[in-house]
Amino acid sequence: MNKFWIIFWHTYTSKLKTKSFLITTGVTLLLIFGLTNLQNVIDFFNDGDKDAVKVAVIDQTENETIYPVFEQNASAMDKKLQLKRSEKSEEQLKKDVLDEKMEGYLILSLDQDGLPQGSYYARSIANSSVSGTIEQAIQQTKIAAGTANLGLKSEQLSQLFTPSELKKTALLENAKSEEELNQARGLVYVLLFIIYFSVILYASMIAMEVAVEKSSRVMEILISSVSPIKQMFAKLLGIGLLSLTQFGLIVLVGYSSIKGNMENTELMGDGFFSFSEVPVATLVYAVVFFILGYFIFATLAAFLGSLVSRIEDVQQMIAPMTYIIVGAFLIAMFGLGNPEAPFITVTSFIPLFSPMIMFLRAGMLSVPAWEIGLSIGILVITIIALAVLGAKVYKGGVLMYGKSSSFKDVKKALQMSKD
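Residues numbered from 1 in each chain as written. Predicted model: local features only at pLDDT ≥ 70, side-chain atom pairs only at ≥ 80, totals over all residues. Heavy atoms only, no water.

Draft legend 1. Here's a closer look at the sheet that holds strand E3 (residues 104-110). The four strands lie next to each other as E2-E1-E3-E4, forming an open sheet whose pairing is mixed. At either end of the open sheet lies a strand with only one pairing partner, and these are strand E2 (81-85) and strand E4 (116-122). Between one strand and the next, the sheet's axes are offset by a mean angle of 25 degrees, whatever the strand orientation. Where E3 meets E4, seven bridges bridge the pair, whose relative direction is antiparallel. Bridged to tyrosine 105 within E4 is tyrosine 121. With respect to the sheet, helix H4 (residues 66-77) is in contact with strand E1 (53-59), E2, E3 and E4, its orientation differing from that of E2 by roughly 165 degrees. Those strands touched by helix H5 (residues 90-98) are E1, E3 and E4, and its axis lies near 150 degrees from that of E3. (Pairing = 2+ DSSP bridges. Helix = DSSP H or I, 4+ residues; strand = E, 2+ residues; numbered from the N terminus. Axes fitted to C-alpha atoms, helices over the stretch in contact; angles between N-to-C directions. Contact = heavy atoms within 4.5 Å.)

Right, dumping it as structure tokens:
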């Protein structure tokens, strides 16, 4: 058992000290901190640009009520937008715009129905914020003018444009409310990404670790002093602890940053990222399926990695496994909108899909405990079967050298493990 812990800690510490791991972790933490403080960053740069945006208006409406309403609407949308009627010719305004004396100019006119329309001219139309504000202001002015032409009161018009409210109520006693579903959907969405990226990243790391040791010709010494099953699981647990270390830092920084910017995050998605009332069971399922998902794909990656002797062959060998992970993730993304779909239910019991799909169902729906238990049981049995098979393939595969990129090598590795 002492040799097991030596390999375990060596795998963990050697990966922990690598520049790639430190740089990746640092960049990820900075990215998360930046994303969770994005609104503060935007406000900081906006505060530094307090200059008014000047736009000249050539009023061709010949209606004294159109322009004041338009100007009022535009100012209400953007305080920095400064509109001013101009008596200059269009050629003079064009020269002023090109000389950067103003942002642009607008020709405000009436269409054949007597309703306002506009033509906006600027040095570049890449900045859509100004043109978008002007367009919305013209639209509101058009509605106001049309209302006046039809003899409708503003109160009547506001009633017509008020969105209809649809109250949704689940009849099942244990069904989740709409608010609970929104919160669960946000948590499941985040954790699905974590499971997806962690499985791809760390499973590839395990396969690469085995291939690197084979390429250095150290494997013959290791395999003669430590049993294959101990060696394989020491690497799995070592890199597993590495993943928990990295994600622990990510969760700590992310949670602290989100908590410090709670006012901004609560505005996102009507509670989509508000996890204050998420059931503890959902968090427990997240941890359970994260660990099981890691082990089933890590075990698979370990013995696939043992079949190759060149580092450049690793990605080709584990490519089918990666496609399965991507497929499970895409199914889970679809299931966020319809978690009760029949094929979502079926795939939640398929071992290579269940870490994501069953977690999705458990987080979004009131799934019977026996279904979750059955899925976990199938997962555990599959992991044990893969571990037994993987140990045999690992034992023979690590002694195979030369170009290996075919699954036919599994049979060859099993034969070598018996010798």
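Draft legend 2. Spatial organisation of the packing of helix H12 (residues 280-305) against helix H13 (residues 314-335). At a closest axis distance of 9 Å, the pairing of H12 and H13 adopts a crossing angle of 165 degrees. Judged on the interaxial angle alone, H13 and H12 are roughly antiparallel. With respect to the hand of their crossing, H12 and H13 are arranged in right-handed fashion. Here H12 contributes Phe297, Leu300, Ala301 and Leu304 to the contact with H13, which in turn contributes Met317, Ile318, Met321, Ile324 and Ile325. For the contact of H12 with H13, the class distribution of residues is nine nonpolar, no polar and no charged. (Parallel < 35°, antiparallel > 145°, perpendicular 65-115°, else oblique. Left-handed = near helix turned anticlockwise from the far one by under 90°. Nonpolar A, V, L, I, M, F, W, Y, C, P; charged D, E, K, R; others polar.)

Draft legend 3. Local environment of empty space enclosed by the protein. Evaluation of the coordinates by the stated rule reveals one cavity of 30 Å³ or more. What the largest cavity holds in volume is close to 30 Å³. Forming the boundary of the largest cavity are Ile195, Val199, Phe297, Ala328, Leu352, Phe353, Pro355 and Met356. Taken together, the elements giving at least two residues each to the lining of the largest cavity come down to helix H8 (178-215) and helix H15 (354-364). Here the lining of the largest cavity is composed, by residue class, of eight nonpolar, no polar and no charged. (1 Å grid on protein atoms, 1.4 Å probe; cavity = no way out; pocket = protein on both sides within 12 Å on 5 of 7 lines; lining within 4 Å. Points joined across faces, edges and corners; volume = space filled by probe spheres on them.)

Draft legend 4. Structural detail: the packing of aromatic side chains. Throughout the structure, instances matching the rule amount to eight aromatic pairs. With 6.4 Å between their ring centres and 50 degrees between their planes, tyrosine 67 and phenylalanine 70 make a pair best called tilted. One end of the pair, tyrosine 67, and the other, phenylalanine 70, are both in helix H4, three residues apart, so they sit about a helical turn from each other. We note that tyrosine 67, like phenylalanine 70, is buried. The interplanar angle of 35 degrees and the centroid separation of 5.5 Å between the aromatic rings of phenylalanine 334 and phenylalanine 343 together place this pair among those described as tilted. Assessed through its relative accessible area of 46%, phenylalanine 334 is described here as partly exposed. When its relative accessible area of 37% is taken as the criterion, phenylalanine 343 is described as partly exposed. (Phe/Tyr/Trp six-rings, centres within 6.5 Å; stacked < 30°, edge-to-face > 60°. Buried < 20%, exposed > 50% of the residue type's maximum accessible area, 1.4 Å probe, protein only.)

Draft legend 5. Here's a closer look at H4. Under the 1.5 Å per step criterion, the end-to-end length of H4 is 17 Å for 12 residues, consistent within 8% with the ideal 16 Å. Those residues of H4 that sit buried are Ile66, Tyr67, Phe70, Asn73 and Ala74. Take H4 and look down its axis: the buried residues cluster within an arc of 130 degrees, on one side only. Within H4, the exposed residues directed more than 90 degrees away from the buried face are Gln72 and Ala76. (Expected span 1.5 Å × (residues − 1). Arc of directions from axis to C-beta.)

Draft legend 6. Here's a closer look at the environment of glutamine 136. With respect to the helices and strands, the residue glutamine 136 is situated in helix H6 (residues 128-150). Residue classification places glutamine 136 among the partly exposed residues on the basis of a relative accessible area of 48%. For the pair formed by glutamine 136 and alanine 74, sequence separation is 62 residues and the distance between their alpha carbons is 7.8 Å.

Draft legend 7. Molecular detail of the nonpolar core. Formed by 64 residues in total, the largest nonpolar core has its most connected members in Met321, Met356 and Phe359. Mapped onto this core, the elements with two or more residues apiece are helix H2 (19-36), H8, helix H10 (228-260), H12, H13, H15 and helix H16 (369-397). With 14 residues, H12 is the single largest residue contributor to this core. Residues contacting phenylalanine 359, with those up to four places away along its chain left out, are Val188, Leu191, Leu192, Ile195, Thr282, Tyr285, Ala286, Phe289 and Ser354. Listed in part, the 17 residues of the second largest apolar core include Leu83, Leu115, Val130 and Ala137. (Core = buried A, V, L, I, M, F, W, Y, C linked by side-chain atoms within 4.5 Å.)

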